[in-house]
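# A closer look at the structure
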Amino acid sequence: MSSRDTITELIECYIIDNDLRPGDRLPSERDLCKQWGVNRMTLRNAIKRLSELGVVESKVGLGTFVAKPKIVRNLQDTLGSSEAIAAAGGELERIVVSSRLAEADKHAVRQLHVMLASPVFELTRVCIVDGERAAIESVIVNARDCPGIEGHDYAVESLYGVLREEYGLVATRGTERIDVCKLDEREADLLDYPAGTTAFFQEGLMLDQEGKPLEYFTTIAMPQRIVFGTELRPFSEGEGR
Amino acid sequence: MSGIDESSPIFMQLRGVVRERISTGEYAPGVAIPSENTLAKTYGINRLTVRAALDGLVEEGLLKRVQGKGVFVVGKRIERDLDHLTGFRKAIEGGMSKPGVKILDRQRRRAGSAYAKRLGIDPEDEIFYIKRLDLADGEPISMEEVYVPCELFPNLMDVDLEIFPMQDVYDFYESSPVRAWQTLEIVPVETRLARMLKLGDERDALLFTCYTYREDGRVIEFMRSYNRSDACFFTVKVSDGE
């Protein structure tokens, strides 16, 4: 292991051994260098690495602090993002970018497996988590069985909540793909980051209780504060219960 | 053993000996047995006879012949149907390709608090650390770091990990994973790693982290893997487990 890797691990151990919590401050660089007998450059490199990994946070002139853990978005729970973020202890606000009833185009036909020109509901929202712009969520919902779906205020209401309570539809399972993308001009503008910034690209199809396609979604999520999580287990365990 | 005695053909007798040593663990799973030349010399027999003896065990799936490397013991394996597993699955952009593994480092070391906490062991316990490069068609796809408690896999230092995936090793030692917690993040990578993964100007990678548990709830592995985002993506099946 390089000395940088060794020091990186020493800092991690220091945090654990001293039971430091998010927001707690680490000893000064000078003290740590002395304690471990390393040069300032190596220590700084290690701190930089840990800050890139989201373990610590350096504040100019104030020192190095244990970072707040990222929000883990568990993909297994089939919760809507509002429920998921609330469950992770985050505060969520949303801005509706567009909300409209439309006729299914070729894209919708392909993704949602509906007939051309059948009614679909398209919704795009920006999610703000703990005051920071964190994601753009776009969904297309098969609106055939949910008349009036466009009449809700999705800045305050959860889409999954409306589907469940008004129409008895629940997203029970599906497949998602997680990839990496670079923000284009429009996305960059909505999220308030420079164009070309790296982000998560998430897309998937969720089926309702009867196995019919319910929604196709794409989400662009900023990686600074979010981690996707999932539990690997035999599929049958989760089915049919 | 099974009707072999001193009047049996020599190749049958040797086959019996090797089979016995595999079953007692003297020849450990994942580890090469003595070379054909060595066996021939030891017992004063022809190399072709040795080959004939081993061929039967290769056919049975107890041994695996690897070109230029030797003959390896294959331990018990458990068939898995990946379609019946939830969780992230890595997919290579553009579909099929020939996988490869290059071991960059492996060592026995003290766990220390950071990995003791992740593996649920004492900081003074020893762990194996393995660093490897995963390849697809010879191109680097990801760099992985694996941490496992030594206690669970005593012979791991001798196992040829370029031949046997960790999954096989777990089966060999009857520590089959039943559950894993996986996370996916995007993180910037350091210059050295970027060069190793041939990232070019790209500085971000998909960091996949995984804690693997066996039946009794013990963590058998902590793994971290930095993936080239232009070369692979992850898929996940979600289902309402409630």
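An unreviewed UniProt entry lists chain B under the name GntR family transcriptional regulator, from Parafannyhessea umbonata.

As recorded in an unreviewed UniProt entry, chain A goes by GntR family transcriptional regulator and comes from Parafannyhessea umbonata.

A separate point is the overall build of chain B. A tally of helices and strands in chain B yields six helices and 10 strands. Sorting the 242 residues of chain B into buried and exposed places 34% on the buried side.

This part takes up the overall build of chain A. Counting its secondary structure elements, chain A contains eight helices and 10 strands. Seen along its three principal axes, the alpha-carbon backbone of chain A occupies a region of about 70 × 45 × 30 Å. Per-residue burial for chain A yields a buried fraction of 34% across its 241 residues. Across chain A, the fraction of contacts at a sequence separation of at least 24, relative to all contacts at a separation of at least 6, is 59%.

Next up on the list: the UniProt feature "domain: HTH gntR-type" (unreviewed entry) in chain B. Look at the UniProt record and you will see "domain: HTH gntR-type" (unreviewed entry) annotated at residues 8–76 of chain B. Helix makes up 54% of residues 8–76 of chain B and strand 12%, with an end-to-end C-alpha separation of 28 Å.

A few words on unusual backbone geometry. Non-glycine residue D137 of chain B carries a positive phi angle of around 50 degrees. Locating D137 of chain B in the fold gives a position in the loop between strand 5 (126–136) and strand 6 (139–149).

All names here are of chain B. Assigned domains of chain B: these are domain 1 (10–73) and domain 2 (78–235). Each of domain 1 and domain 2 has a C-alpha centre, and the two are 31 Å apart. Taken together, the contact pairs eight residues of domain 1 with eight residues of domain 2. A per-class count over the side of domain 1 that touches domain 2 returns six nonpolar, one polar and one charged.

Note: strand 1 (residues 56–59) of chain A against strand 2 (residues 63–66) of chain A, four bridges, orientation antiparallel. Counted as the bridge partner of V56 of chain A is V66 of chain A from strand 2 of chain A.

On to the packing of helix 2 (residues 29–36) of chain A against helix 3 (residues 40–52) of chain A, then. All names here are of chain A. At their nearest, the axes of helix 2 and helix 3 sit 10 Å apart, and the two run at 115 degrees to each other. For the element pair helix 2 / helix 3, the angle class is roughly perpendicular. As for the relative orientation of helix 2 and helix 3, their crossing is right-handed in sense. Between helix 2 and helix 3, the contacting residues are E29, L32 and C33 on the first element and R40, L43 and R44 on the second.

A few words on the nonpolar core. In terms of nonpolar packing, the biggest core is built from 62 residues, with A221 of chain A together with V148 and V169 of chain B touching the most fellow members. Counting residues per element, this core draws most heavily on strand 8 (residues 204–214) of chain B, which supplies seven residues. Those residues within four positions of V148 of chain B in sequence are excluded, and the remaining contacts are I127, F128, F153, L156, I220 and E221 of chain B.

In a regular helix each residue adds 1.5 Å, so 15 residues correspond to 21 Å; helix 1 (residues 3–17) of chain A covers 20 Å between its end C-alpha atoms and thus fits that length. Considered for burial, the residues of helix 1 of chain A that qualify are I7, T8, I11 and E12 of chain A. Summarising the axial view, the buried residues of helix 1 of chain A lie within an arc of 145 degrees, below the 170-degree limit, and thus occupy one face. Along its buried surface, helix 1 of chain A packs onto helix 2 and helix 3 of chain A together with helix 4 (112–119) of chain B. With its phi angle positive at about 50 degrees, D19 of chain A sits one or two positions after the end of helix 1 of chain A.

Cut-off values and rules
- Residues numbered from 1 in each chain as written.
- Chains lettered and ligands numbered in written order.
- Predicted model: local features only at pLDDT ≥ 70, side-chain atom pairs only at ≥ 80, totals over all residues.
- Helix = DSSP H or I, 4+ residues; strand = E, 2+ residues; numbered from the N terminus.
- Buried ≥ 20, exposed ≤ 12 C-beta atoms within 10 Å, placed from the backbone.
- Contact = placed C-beta atoms within 7 Å.
- UniProt positions renumbered as here; feature names shortened; annotations may be inferred.
- Domains from an automatic or database assignment.
- Nonpolar A, V, L, I, M, F, W, Y, C, P; charged D, E, K, R; others polar.
- Pairing = 2+ DSSP bridges.
- Axes fitted to C-alpha atoms, helices over the stretch in contact; angles between N-to-C directions.
- Parallel < 35°, antiparallel > 145°, perpendicular 65-115°, else oblique.
- Left-handed = near helix turned anticlockwise from the far one by under 90°.
- Core = buried A, V, L, I, M, F, W, Y, C linked by C-beta atoms within 7 Å.
- Expected span 1.5 Å × (residues − 1).
- Arc of directions from axis to C-beta.

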